[in-house]
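Listed below are the residues making up each chain.
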Amino acid sequence: MELINKTIKFLSKLRIQILVLGLIGWGVALSIDRTYVEEYRNKSDEIFTNAQKLDMVRTKGENAAFIILSIFETGLFGVGIGFFVALGFRVFKIKNSMLKKRMIWCWAAISYFCVTWWPHSTTHFLILTTGHSPIDNYITMETTFHWTLTFCSSTLAYFQYDLIQLMRDVAIMRKRMVSNGKEVDPLKQEWYKNYHYHSILIAIIILAIAVPIAFHFDPLTPALKRYQKFFYVTFHIVNSAVVSIGFAFAYAVTRTILLLPPSAGRKVSIISSIAITFLFIIQYIHPMVHVKTNLSMKNTIAIDYGFHVPIVLATGILAFYQFRMMELATDEKSSLSIAVRMRSDSKSTKGSSLKSADNASQSQSSNSFSTSIQIDQFKTIPPTDESSKNSNEMNDLENYNNTNDNNLAQENNVSICIENDLKK
């Protein structure tokens, strides 16, 4: 009986469930890929051989490259299935409405990204055998896969940037404590110092440059049908807007990170920001590479390994950080859940429309925030003399604030606790 209980407890762990379900999904997907999908690949070789397009017929080396890619992509498919099922039973049980909404979006984006990548990559290969025009194939891939994946990446990027902004808020709070009332937040100073305005200007400039370049390298031709022209224009405008947002984001996040003190959280911000910027910029180049490269198996493999794999890795970085947050988000007693409740309560007192789902927790917030908010590496370390010192400083600060404004005391306590945890 004890062995059964231990087994059930072991299998109830989120990571174990994802691993088990992922291995099952991987095995099923790889079996399908090596049998049914491989039959279609062999038929495509026959079609291209009969059409005397030998550049599109796989050699042994190219086939080996596709097998390696298939193992990787079906593995990602299995992870997506495990992630979707295991976390799906937990994410809807999050009690804090603000945190629940965020985690559902991230859960859906990560699941969709992981599950659809194998069909996405396979379709790139097999769509060439449909007999449709390359333009129609391009439109199909853009609307069914590329735009949806861009949306998933943008969703993860948005929430990761929101996390970086939380770190920035902490740094600004600390600076205000020692600024003697002087405004230290660039976003609340004169308009010309507000780097969000700078970012908007950068986005407008890049958009004005990117649109003409897109039409220059991939122009409209008289041979295009009316609906093809419509999609071409739409693709160029949307992709140009995406790359302009990427440059604007890079500037804004750089200015934000410069405000952060040296810490592990700052390193996470830098890595995730590089991934986000890459995903925005690559979306501008990626479609043109598909359209402008000559059809050959070597070029197909080069695009897979040169563009698709890096996109998977960059999105995987964002998915990994959001997954680590989800692990704590599904635990209502975790410090992350408390942090979001505090942030929501703070905004509601300033007239925000956001409402806290757990107002009763405020009476315990000062003590609860001594729990580690493992936003960056989410690692637990044993207490040290320094942490004891920080605890004493917190008690002194609470005593001081009790004689002053309670709302200010709450903000200071939050900022100190979060920053100490981020430095771990």
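What counts, and where the lines are drawn
- Residues numbered from 1 in each chain as written.
- Predicted model: local features only at pLDDT ≥ 70, side-chain atom pairs only at ≥ 80, totals over all residues.
- Heavy atoms only, no water.
- Helix = DSSP H or I, 4+ residues; strand = E, 2+ residues; numbered from the N terminus.
- Buried < 20%, exposed > 50% of the residue type's maximum accessible area, 1.4 Å probe, protein only.
- Contact = heavy atoms within 4.5 Å.
- Areas by Shrake-Rupley, 256 points an atom, 1.4 Å probe, with all protein chains shown as cover.
- Polar contact = N/O pair within 3.5 Å; in protein donor to acceptor, adjacent residues only side chain to side chain.
- Salt bridge = Lys/Arg side-chain N within 4 Å of Asp/Glu carboxyl O.
- Axes fitted to C-alpha atoms, helices over the stretch in contact; angles between N-to-C directions.
- Left-handed = near helix turned anticlockwise from the far one by under 90°.
- Nonpolar A, V, L, I, M, F, W, Y, C, P; charged D, E, K, R; others polar.
- Phe/Tyr/Trp six-rings, centres within 6.5 Å; stacked < 30°, edge-to-face > 60°.
- Disulfide = S-S within 2.5 Å.
- Expected span 1.5 Å × (residues − 1).
- Bend = angle between axes of the 7 residues up to and from the residue.
- Parallel < 35°, antiparallel > 145°, perpendicular 65-115°, else oblique.
- Patch = residues over 30% accessible without salt bridge, like charges linked within 9 Å, V, L, I, M, F, W, Y side chains within 5 Å.

Overview of the overall build of the protein chain
Then, number 1: Helix and strand counts for the protein chain come out as 13 helices and zero strands.
Then, number 2: Going residue by residue from the N terminus, the α and β elements of the protein chain occur as α-α-α-α-α-α-α-α-α-α-α-α-α.
Then, number 3: When burial is assessed residue by residue, the protein chain has 46% of its 424 residues classed as buried.
Then, number 4: Intrachain contacts of the protein chain at a sequence separation of at least 6 include 77% that bridge at least 24 residues.
Then, number 5: When the accessible surface of the protein chain is summed, it comes to about 22,300 Å², and 65% of that surface belongs to carbon and sulfur atoms.

Looking at the environment of glutamine 322
Then, number 1: Here glutamine 322 lies in helix α9 (residues 297–329).
Then, number 2: According to the relative accessible area criterion, glutamine 322 is buried, its value standing at 0%.
Then, number 3: Separated by 212 residues in sequence, glutamine 322 and isoleucine 110 place their C-alpha atoms 9.0 Å apart.
Then, number 4: Contacts of glutamine 322, omitting those with residues within four sequence positions, involve Arg102, Met103, Cys106, Ile110, Leu156, Phe159 and Gln160.

Regarding the side chain of serine 199
Then, number 1: The residue serine 199 is located in helix α6 (residues 195–217) in this model.
Then, number 2: A polar contact is formed between the side chain of serine 199 and the backbone oxygen of alanine 248, at a distance of 3.4 Å.
Then, number 3: If we skip the residues at most four places from it in the chain, serine 199 touches Ala248, Tyr251 and Ala252.

Examining the pattern of salt bridges
Once their charged atoms are close, side chains differing in charge can pair, the charge on each being opposite to the other.
Then, number 1: Overall, the coordinates contain nine salt bridges when judged by the stated rule.
Then, number 2: When the shortest N-O distance is used, the salt bridge between arginine 34 and aspartate 33 registers 3.2 Å.
Then, number 3: Note that aspartate 162 and arginine 102 form a salt bridge whose closest N and O atoms lie 3.0 Å from each other. One end of the pair, aspartate 162, is in helix α5 (residues 134–177); the other, arginine 102, is in helix α4 (residues 97–126), and 60 residues separate them in sequence.
Then, number 4: What you see here is one network of salt bridges that share partners, running through Asp33, Arg34, Glu38, Arg41, Asp45 and Arg58.

Concerning the packing of α6 against helix α7 (residues 226–257)
Then, number 1: Two elements in contact, α6 and α7, have axes whose closest approach is 7 Å; the angle formed by their N-to-C orientations is 150 degrees. Every pair of crossing elements has a handedness; the one defined by α6 and α7 is right-handed.
Then, number 2: Split by residue class, the contact of α6 with α7 holds 17 nonpolar, six polar and one charged.

Some thoughts on the packing of aromatic side chains
Then, number 1: Summed over the entire model, instances satisfying the criterion amount to 16 aromatic pairs.
Then, number 2: Plain terms: the ring middles of phenylalanine 84 and tryptophan 107 are 5.0 Å apart, the flat faces sit at 15 degrees to each other, and that makes the pair stacked. Taken together, the residues phenylalanine 84 in helix α3 (residues 60–91) and tryptophan 107 in helix α4 connect sequence positions 23 residues apart.
Then, number 3: Classification of tryptophan 107 by relative accessible area gives buried; the value is 10%.
Then, number 4: Ring geometry for phenylalanine 249 and phenylalanine 280: centres 6.3 Å apart, planes at 55 degrees, overall tilted. One end of the pair, phenylalanine 249, is in helix α7; the other, phenylalanine 280, is in helix α8 (residues 264–292), with 31 residues separating them in the sequence.

Section: the state of the cysteines
Then, number 1: Taken as a whole, this structure holds zero disulfides when the rule is applied.
Then, number 2: You can see cysteine 114 has no disulfide; the closest cysteine sulfur is in cysteine 152, sitting 9.5 Å from it.

Let's talk about helix α2 (residues 14–50)
Then, number 1: Between its terminal C-alpha atoms α2 stretches 51 Å, which fits the 54 Å expected from 37 residues at 1.5 Å a residue.
Then, number 2: Of all the bends in α2, the greatest measures close to 40 degrees and is centred on glutamate 38.
Then, number 3: After α2 finishes, the residue glutamine 52 shows a positive phi value of roughly 60 degrees.

Remarks on the packing of α2 against α3
Then, number 1: Remark: α2 packs on α3, axes separated minimally by 6 Å, with the N-to-C direction vectors making an angle of 140 degrees. Judged by the inter-axis angle, α2 sits oblique to α3. In terms of crossing hand, the pair formed by α2 and α3 is right-handed.
Then, number 2: Counted by class, the contact of α2 with α3 contains 14 nonpolar, nine polar and five charged residues.

Notes on a nonpolar patch on the surface
Then, number 1: On the surface, a cluster of nonpolar side chains totalling about 650 Å² of accessible area is made up of Phe10, Leu11, Val20, Ile24, Val28, Ile32 and Tyr36.
Then, number 2: Of all elements in the fold, only α1 (2–11) and α2 reach the threshold of two or more residues within the nonpolar patch.
Then, number 3: With five residues, α2 is the single largest residue contributor to the nonpolar patch.
Then, number 4: Taking relative accessible area as the criterion, isoleucine 32 reaches 34% and is therefore assigned partly exposed.

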